[in-house]
Structures are given as structure tokens and as C-alpha cells.
Amino acid sequence: MANDHDGTPDSSIVGTTVEKYGNNPPPAGTAVVASDRIQNPGFEPYRPRVADLDPAVEKAQERRVSALFFVSIIGSVMAVAVYIAFPIVPGDMGSVRLNNLLLGISIALGLLAVGVGAVHWSKALMDGHDMVEQRHGTRGTDATRAKAVEVFTLGNKESGFGRRTLIRNTLIGALVVSPVPAIALFRDLAPSEDPVPLLKHTLWAKGVRLTRDPSGTPIKASEVTLGSAFHVIPEGLEESEHPLEEKAKAAVLVMRLKPADLNVSAGREDWNYEGIIAYSKICTHVGCPVALYEKQTHHLLCPCHQSQFDITQEAAVIFGPAKRPLPQLPISVDAEGYLVARSDFTEPVGPSFWERKL
Amino acid sequence: MTTTEDRPAVTAQKSRGARFTGWAGNYLDERTSISGLTKEVGRKIFPDHWSFMLGEVALYSFIVILLSGTFLTFFFQASMVEVVYQGSYVPLKGIEMSAAMASTLDLSFDIRGGLLMRQVHHWAALLFVASIGLHMLRIYFTGAYRKPREINWLIGFVLFILAMAEGFTGYSLPDDLLSGNGLRIIDGMVKGIPVIGTWISYLLFGGEFPGTDIVGRLYVLHILILPAILVAAIGVHMLLLIINKHTQFAGPGRTNDNVVGVPIMPVFAAKAGGFFFIIFGVIMLIASLFQINPVWTYGPYDPSPVSAGTQPDWYIGFADGALRLMPPGLELEIFGATLSLNIMIPLLILPIFLALVAFYPFIEAWITGDKREHHIADRPRNAPTRTAIGAAGVTFYAVLWAAASSDLLATHFRLSIEGVIHSCQVLLIIGPIIAYFVTKRICLGLQKKDREIALHGFESGRIVRLPGGEYIEVHEQLDEYERWKLVSFEEYQPLTVLPDAQGRISLNQRVRSAASNWFFEDRISPVTSKQIESSRDDH
Amino acid sequence: MNKGTPRSMAMKPARQNRTQRSAGRRHPLATAALIVVGLLATGGTYALFTTSATAETSAAAEATIEDGGKLFAANCATCHGLNLQGTKQGPTLIGVGAASVDFQVGTGRMPLAATGPQAEKKPVQFTEEQVSALAEFVASKAPGPAIPSAEYLTGEGDASEGAELFRINCAMCHNVAGAGGALTEGKYAPPLAGIAPNHVYDAMLTGPQSMPVFNDDNITPEQKANVITYLKYLDETPSVGGFGLGNLGPVSEGLFIWIFGLGGIVAITIWLTARSN
């Protein structure tokens, strides 16, 4: 190799990676190469297998392999038979289960038997000797590398890529800018309006009745007895333009506590109605529905990340990763005694976002 | 191999089968020069070790995923159009749901083998990611990522990330209650990204959450662009495997300059081919016996309900666990803008953890300064610090993973959720530290044991009374082949700080020397031939 | 029937232990451990004796308010007060109705065996007649939710509506498949497989322990019947895709694929690469 290199003293190669280690071995870092280390003893003598020595065993192994292949054929044919013999009866889940079970087992038999057979064949009957292949360094030979460098040198010389810097630099600029239109194209993944106002408003408004989820029937204050929990959606949700999107913001949990148990802060005195309170069901952490209401402790638990909110303390966070209390929906009753909202939520519901307070 | 040599004159004497093979080989070679490829790779050698098969498990489960997934696309409708379900599952009759959910139910309950293929697809997906994880652990703990394989480690890492992305997009497609709440969490996390979060969520969902676009969009990612990148990356991964040849464990006759094992044709081909069928068969068997992701019990997605025990598939668990373990109150308002640290911190910690995994080979190479090629896989005990770092990383990951099932741990072991979460928070910090030191000590202990056995042989259990009345246990010496396995590893010394030509010591050198000291300070040297001789003299 | 004796007998050795050992050094946990041992001992003996009481009284068949009153005085009054007014140990039972008694006593939750985060389901301590006698007695003292009428318990309603109501009102605690789930501080929502329809109805109506009340204005009796129908459907329909792995969702699926799936495959790879003999 060294001769090859010396024979072609090409100035363009000097200083390139071809030179890096020359014909010396690459550095070993801090590895210790002991002079008296134990020498590799070489290969162990081959231990013949039973099948190598005894033709009867070899014959038996052969039969075993072909038997496995035969079992595989049976399995695959059985799968077709099962497909026809065990149809799905519409509405009968037992028939689906049976179809799934028998079809799967037959196909699995067809696959496993052929697999086990092939592996057994290779282990017991094919040549069992270890074989050796020499490795060569991953890097190309110096001659090859010199050729590769020459290709690039020629390319550079013939195109003038390195020399004509104006062309080169403008080309790089053009390539860098070329993906920009693609970024712009993604703008219309969503409608043109600003999402922030949407996130700050829900279907709730003054006078909107609280209705049961999913039936949409209005709820009388008298129906919400002590210890009850009602899952609530705003009236007219189904008729709205985007029911699921609205529900994802407007879902509310209504509970009734003894008024004495509630700690009401200033400004929220008229947000509950005789101990009936309504809180957003959407967790202020990442938005799971918080609906696990414990009647005795008055705690709400989010099943996704275990944030806990104390309803008696206006849904303050008492455990878990959430920071903000669940927003409270101010409620009252209308002339017919149905629960209605006094207004929309006074803050955005659900997970925090950058523009929440902006 | 016979292709180019088969001439009509010779084939005349051969059997019909051989004549056909010869004709086909000749036909192909004259059009593709395939004989060259066969000559190059046909007798390539593969070393035999059980842990070398784990990557194959991943590859084969991917093929199973491709096959079963194709079947599913024939029936699945990636649409969020509202339909009223009128299929055969009674408890959902008359319920409004998206076409995606309805078509998933139809293909499960009205197509023979449809449920089987769904379950094959989902089980194979879980196995795919799990086997990639185990494969990566094998590579890591044996140091098989060292030069020249660092790039292939990176490609493998990319495959791991792609596999998780494929898994998550697939999990979300049926638009059931579980996956919908998963998407809701993703939406909440995206919204927590400072400045651009709101807009990213808005663009991703095509409007407000949940919108009517997300399933269609995830579907295209799931069946088109992600698999395309995956297949390409697998191709490069395999190509580099062939170029670099497989590593092997130390053994008699095995050196850094050879590969000892079985040739592709025929032994390895038979084994690997058989193994593909076995993997396919095992997945099929699991799918026929064990239910997975029963979307019909979850019901269609609706933003109001949620199920107790809402968890993602296992490979996303570590991210969910990180969210659960955040201490309370981490949210700030700066100049009116809301900064959700309770989301930002997991969003930063996890990529940092993953980046450390991805770039570990380069970090270790920098510390050791070793630029040689390594083709002999280390036994984990012979690289105690590396193994200890790995154990710490595994513990960190495992605690996050366990935290994602905090509620189930609580109900099944009669604990309180609060207790489980607090324990996990503590374990997340001290668990890796304990794991690091314990593992390192175990490795050094095992090395000492190896050294003892190499020097003095192993205890035979035979007690002999000497003429003087003394009792001794006879130690049996190892044969040289057995001993070689115990002594053939490399020792590294910590890097000493040396001034450069100008007599200065650069900061780079200081840091590197400190790292090297930490890495190699505690070590056991391999037994040398002199030591063996002197120990013989003792007996 | 003398319950006092075994209880005090069981407590004594515990107390002696404490006085003897208090002189020496004592681990702070020792007190806690002793209290637990003492509680278990009393609870166990208590349970034993109440069961034998059941055997004796079962001869008296007629379920009347009077019988219920006697049973109440013997088994419940210690904690709930002779006039249902409640004590420090137990809440008032005024107005809880027959449905509450049917649920709490009929599922074995009451009488309480040991203190814990919540009353556990356990073997029922009374016969059906005794349970209804107790229920009638409690209902006679003050009006409250009545035991559900049989027409709502047949499980022949609309499973689809029941499933939807279940997802919205129940699944967040009890899991969509009724596998149960965790609550705060060690409490939990129990699994719902195989629960008798009347107890499901009672629970919705009365909201036992942590569970909120779902009165007939919130979920009508017909809707409750539909929920029961859905639960019956879950009980009677086998899990379609094979063994359900506890219906715990992705966690049990993930554990399964790692332990049995990948574990089994690793065993296969070992066989595959082992040298044939």
C-alpha cells in the first residue's frame, strides 16, 4: 500500500484524510497492549454430532424435518377449512371469537411447523463446522481512496466549483431557500382565523341551560340532590356547527354540596346556586376529562395524570402536575327552575397555552 | 454458484430440477449479473449467538406488520365523518361515531379473519418496538456500537424513533375513546410549547381539537411516509451490517480480523428463514389467543368521557410517566405569557435522554481515544463503567415507564396513588445512582471471579487428604479454550494529562482526562501468561 | 350473645405487650404494628362470632321490622347509634333508605371488619331475609331510596344506551370494561364484573362511600336498567379477541409482550443458536 502511495505523489492528496494514519495502525487511545498477554489458542477441535456419526440417527432426523413440513401443510389447509366451517354469525360475538381462535391457531401451526422444521434441518443435518471469513479494514485501500479523491478533484477542476465562489455561494443560498415554499404551503392545514379567540370562548353564555350529557335534557335545580354529580353539556350543543369541538371545551361537571362546605372567594358569591356548583371537566394540565368525583372528600381526580382538585376550595390543585384550578362556570336558575349559566367561563378552559392571558 | 458454469453440455447429464435451476440462474445472470452478488454474499459468515437474533426479531415483526397492515387498509376508512353504527356489536348499535371507528368495528366483527389481522398487526407492533429496545440493549452492553459501527447505531436509533412514531400514529387511527384521549393529551402537550404551541396544535388538528382531519392525516403518515423512511433506513442498516460484518464474542480461534460462524448459504439462510416463520407463527398464536385493544369496549371518541386506567401503548409510557411525575405548581406567567413548565420539562428531559442514547458511541470514543476497529463484542462485565451507565439509563427509563401505570400499581398492590407517585419521584433521582454503583461493583466482582478461575481453575468439589494430614480441595485447571474466553479482553488506562508542544494543557484535555479517569479508574487487568505460569508454580 | 368478651380478651395481650416493652427501646413502628395486630385480632374474632350469631338466628325466618331492629341493635348500633343517629365511628343512617342497607350489608361491606381507606366487599354476614329485615327496619325509621323493583333488574333493556351512559357517568372511575380503577389516598372504584343487578342499582341510587349519587332525576330507572343490561352483556359475552388479560388495556398488553412474547422468543433464539448434539 505504501508503495502505491509513494509511487503517485499527487499534491492534491497531501493533507486529506487519505493521509490520516498513513500505513500505521490507527491510535489505540489508552488501551494497554500487554507484551505477555495470553495467546489465542486457535480453534477447538470439531465435536461431531450424533447425526454425523450414526446414519440411523441422521435418517431419523431427516424424517422428523419432513414430518414438520407435512404438519405445516396440514395447518395451512386446516386454516382454509376453518375459514369456511366457522363463519361469523352477525351479532354473535362467540362466533367471532371462535373464528379468530381457530383460524389463528391453524395459520400459526402452518407457520411454526415450517419454521421449526427449517431450523431443525439446519441444526441437525446441515454441515456443522464453523467456518471462517477474514475481515479487512473497513476503509478502502489507499489506491481506492486516491482514486476517489481524484474523482472529486477532477469534478472540482472541470466544474470550477471551488474556484467560482460566486456560483458556489449563490447555489448554496438557492438550495437553502428552496424549501421555504413548503413551509408556507402548510399554513392552510388549518383555517385562516386566529385560534386564540376560539380557545377563549365556549358555547356557554348568559341564560344557556345546563343539560344532561348525552341526552341534552335540561336540569332542574331541585333534581340535583346532595351528593349528586351530573355530567353536563350546554343546551343546543348538538345543533351547533362543530359539536365535538364545542363539547371539548364546554363539558361541565355539576355537583351539589352543603353550602356551608363551600369556601367561596370574593366575587364568586353568586356563582353557585344553593350549593350547586359547576366546574369545567377539562383538566388544566393537558386536557383529559376530570370527572372522578369523590362524594365524601369532595376531591376531583384526573385519571390520566392524577391531578387532584378540591371542590370545596374552588377546585384548587391539591396534588399532581396541574397548576391552575378548574375554571368555574357561574350558574343560576331561570324562571322555570332550570339551571342556567350566568355567563361564559371567565377564563379559558383546558390546558394552558402561551396566549392564555395575553 | 453453479449459474455461470452451467453449460448445455453439462446440464444434459443432470436431473430435471438441476437443469431448471441452471437455466433460471443463467437467465437471471445474463440480465442482472446476479452471480457477482451471489459470489460476494452467498458464503458470508454469520456468528451464532442467541442475542444476535434480536435484530432479526424486529425485522421479521416489521414484515408481519407490513403484511397484516396491508390487509387492514383494504377495509379501514380513515375518515372522521360522523356515521351511525348499525353493525353487529349490540352495545354500540345506533351510536354516532366516526367512519374510522365504524369501519374498525366492521372489519373486526364482520370480516372473517379481520379481527385476527387487527390483533396480529397490533401485537406485532408491540413486539417490533420491544425487540428493537432489547436489540439496542444488546448492542449497548456488548459495546458493538464502537468503530466502525457508530453510524449504524445512529440509524438504528432513528429506526427506534420511527417505530414509536408508527406505533403512536397507528394507535390513534381507530378514533376510539382511549386513543382520542391520547390525542387530547398530545394536544395539551403541544399547546404547552412556548410561543408556537397554540398554532402547531391548530395546524395539526386542522382547527380546534379534535376537528375532523387528524385521523386522515395520521393515516397518511402511518401508511405512507413513515413506512417509506423506515424501509429505507432498514435497507441502509442491513447494508452497513453486510459491509461491517457482524461482531462476535471472544472465543478460541476468533480474532478481531476474522468472523467465525455459519455461512449464509445454506445454514444461516435456513435458520433465518425458519426463524421468520417462527416469529410470524408466534405472533399469530398470540393474536389468536389474546385480545388486544378492544376498541368496542372503549367506544367512540367523545370529549366528555374517559376511562379509568387510560394509558398509551408501552413504548410511549415513559413520556406519560414523565408527565405524571412532575411536581405540582410548575407553571409561570411571564409578561402575561403562560409558560407551562410542567409540560416543558418532560418535553426537554426526554429528548435529552434520547440524545444521550443516540450519541453515546461518540462520547465514549472521545473518552477512550480509541480509533481502532472493534469486531469482538465485549462481555458486559469487562466494561464495568459502560455497563453501569447502561444500568442507570435502564433504571431511569423503567421508573418513568412504571410511573405511567401508577394508578394500576396502586389498585393492584393496595397502595395509594399519592404514595406510588412520590416513590417514583424519589426513585427517578436515586434509582439510577444506586443502579450505577451496584452494577459497577457486580461487574468488578464478576471480573475478579473470572480472574481467579483463569489463574487457579475452578473448585472441583473433590477433597483430598495430603500425606501430612492436611485436607485440600482439588482445583481443576481450565483447558486453554475455556480460559481464553475469560482472559481475552482489553484493558484501558485512564488518560494522563500531558502538556502540548507549547507546554499548555487545554481545557479539552483536562475534561477528557477527568472523564477517562472516571471511566477506567476501577478496573481488573486480564490475566497474562506470566501470571498463569507463576500461579502454576504455587501449586 | 356476648361480643364484649372476645373483644377484650383479644385486646389484652396486645396491651400487656405494650406496657412490658415500653420500658425498653422500642422501634417507632412497633406501636403501629401492634395496633394493626390488635385490630386484626379483634376484627377476626368479631367476624367469627357474628357468623355464629347468623347461624343461630337464621332459624327465625320471618323478615319483620322487629327482627330487623334486633339485628340492628346487635350488629350496627355500636357505630351507627341505636336510633340511627350516628356516632363518632359511623355516619347517621337517617334517610339512607332500604337501598343503602341492601347494598352495604348485601355485598358484605357492612358490618365493617377492619378500618382502611374504604369498606371492602367481603363474604355476606347475613341471610337474605336478615338483610331485608334490616333494610325494612332502617326504612321504617325515616324515608329514603327503596330497594329497586324487579322490573329494572332483568337486564333486558337497551344495552347500547346503557353503554353510552356507562361511558359518561361510570367509566372514569370503574373503567370502560368495568375493571375498576384507582381513587385518591388508597381508595378505589371496585371492578363491576359479576355484581348482582340489584346492587348495581342500589349503588347508583344511593352513592355508597366515595361514589356520587345518581338519583332517578339524573339517570331514570329505565336508564339504570339499561346500564344493568350493558353490564350483563359484558358479563355474558366472552372477550371476543381471546383472553382479556384483565381488561387493563395497554399496561397489561405491554407487560405481556415483554414477558411472554419477547421472553418466549428469546427462549427460541437460545434453542436456535445452541449447537445440536
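On a predicted model such as this, the values are computed, not experimentally measured, just so you know.

**Describing the interface of chain B and chain C**
- Contact with chain B, which involves 62 residues of that partner, is made by 50 residues of chain C.
- The largest per-residue losses of area from chain B upon contact with chain C belong to Trp50, Pro91 and Gln291 of chain B, which jointly make up 13% of the total buried on that side.
- For the pair chain B and chain C, the interface holds one salt bridge.
- Here glutamate 120 of chain C makes a salt bridge to arginine 414 of chain B, at a shortest N to O gap of 3.2 Å.
- Across the chain B-chain C interface, the total number found is 15 residue pairs in polar contact (both at pLDDT 80 or more).
- Per element, the largest residue contribution to the side of chain B that touches chain C is nine residues, and it comes from helix α11 (residues 264-289) of chain B.

**Some words on the domain arrangement of chain C**
All names here are of chain C.
- With domains assigned, chain C is organised as domain 1 (37-145) and domain 2 (148-237).
- Domain 1 puts 15 residues into the contact, and the matching count from domain 2 is 14 residues.
- The contact between domain 1 and domain 2 buries some 1200 Å² in all, and 53% of this surface belongs to carbon and sulfur atoms.
- Counting the contacts that link domain 1 with domain 2 gives zero salt bridges.
- The interface formed by domain 1 and domain 2 contains five residue pairs in polar contact (both at pLDDT 80 or more).
- Of the residues in the side of domain 1 that touches domain 2, the class split is six nonpolar, five polar and four charged.

**Some details on the pairing of strand β9 (residues 458-465) of chain B**
- Little of β9 of chain B is tucked away, with zero of its eight residues classed as buried.
- The hairpin turn running from β9 of chain B into strand β10 (residues 471-476) of chain B, its antiparallel successor, is five residues long, and glycine 469 of chain B in that turn takes a positive phi close to 95°.

**So, the packing of helix α4 (residues 54-73) of chain B against helix α6 (residues 114-141) of chain B**
All names here are of chain B.
- Between α4 and α6, the shortest axis-to-axis distance is 8 Å and the interhelical angle comes to 155°. Judged by the angle between their axes, α4 and α6 are roughly antiparallel. Considering how the two elements wind past one another, α4 and α6 form a crossing that is left-handed.
- Looking at side-chain class alone, the contact of α4 with α6 contains 16 nonpolar, eight polar and two charged residues.

**Concerning unusual backbone geometry**
- Omega for the peptide link from phenylalanine 209 of chain B to proline 210 of chain B comes to -5°, which places this bond in the cis form.
- Looking at the secondary structure, you find proline 210 of chain B in the loop between α9 (197-204) and α10 (214-244).
- The omega torsion across methionine 265 of chain B and proline 266 of chain B is 0°, close enough to zero to call that bond cis.
- Along the polypeptide, proline 266 of chain B turns up in helix α11.
- Of note, glutamine 306 of chain A is a non-glycine position whose phi angle comes to about 65°, a positive value.
- If you trace the backbone, glutamine 306 of chain A turns up in the loop between β8 (299-301) and β9 (308-310).
- Judged by relative accessible area, glutamine 306 of chain A falls into the buried class, the value being 1%.

**Let's talk about the packing of aromatic side chains**
- Evaluation of the coordinates by the stated rule reveals 42 aromatic pairs over all chains.
- Measuring from ring centre to ring centre gives 5.7 Å for tryptophan 518 of chain B and phenylalanine 519 of chain B, while their planes differ by 85°; the resulting arrangement is edge-to-face.
- Taken together, the ring pairs connect Trp314, Tyr315, Phe318, Tyr397 and Trp401 of chain B together with Trp258 of chain C into an aromatic cluster.
- In this structure, arginine 31 of chain B packs its charged tip against the face of tyrosine 27 of chain B, placed 3.7 Å from the ring centre.
- One cation-aromatic arrangement involves lysine 224 of chain C over tyrosine 201 of chain C; the distance from NZ or CZ to the ring centre is 5.6 Å.

Conventions used here
- Residue positions are given per chain, counting from 1 as you read along its sequence in written order.
- Lettering for chains starts from A, numbering for ligands starts from 1, and both go in the order in which the items are written.
- Given that this is a predicted model, residues contribute local features only at a pLDDT of at least 70 and side-chain atom pairs are listed and counted only at 80 or more, while totals for whole chains, interfaces and linings are drawn from all residues.
- Excluding hydrogens and water, the side-chain values take into account all heavy atoms of the structure.
- Throughout, a contact is declared for two residues whenever any of their heavy atoms are within 4.5 Å.
- When two components associate, each loses some accessible surface as probed by a 1.4 Å sphere; the sum of these losses over both components is called the buried area.
- By salt bridge we mean one thing: a side-chain nitrogen of Lys or Arg within 4 Å of a carboxyl oxygen of Asp or Glu.
- In protein, a polar contact means a hydrogen-donor-capable atom and an acceptor-capable atom, both N or O and within 3.5 Å, with residues adjacent in sequence counting only if both atoms are side-chain atoms; elsewhere, any N or O pair within 3.5 Å suffices.
- Secondary structure elements follow DSSP: runs of H or I of four or more residues count as helices, runs of E of two or more count as strands, with numbering from the N terminus.
- Boundaries between domains were set according to an automatic or database domain assignment.
- Note that Gly is not counted as nonpolar here; it falls among the polar residues with everything else outside the nonpolar set of Ala, Val, Leu, Ile, Met, Phe, Trp, Tyr, Cys and Pro and the charged set of Asp, Glu, Lys and Arg.
- Burial status follows relative accessibility: with a 1.4 Å probe on protein chains alone, a residue under 20% of its type maximum counts as buried, one over 50% as exposed, and anything between as partly exposed.
- Pairing between two strands requires that DSSP report at least two bridges joining them.
- Note on method: axes are straight lines fitted to C-alpha atoms, helices fitted across the in-contact stretch only, with angles between N-to-C directions ranging 0 to 180 degrees.
- Oblique is the label for every angle not falling under 35 degrees (roughly parallel), over 145 degrees (roughly antiparallel), or within 65 to 115 degrees (roughly perpendicular).
- A crossing counts as left-handed when the near helix is turned anticlockwise from the far one by less than a right angle, and as right-handed when that turn is clockwise.
- Any Phe, Tyr or Trp ring, taking Trp's six-membered ring, that has another such ring centre within 6.5 Å forms a pair; planes under 30 degrees apart are called stacked, those over 60 apart edge-to-face, and the others tilted.
- We call a charge positioned above a ring when the Lys NZ or Arg CZ atom is no farther than 6 Å from the ring centre and deviates by at most 35 degrees from the ring normal.

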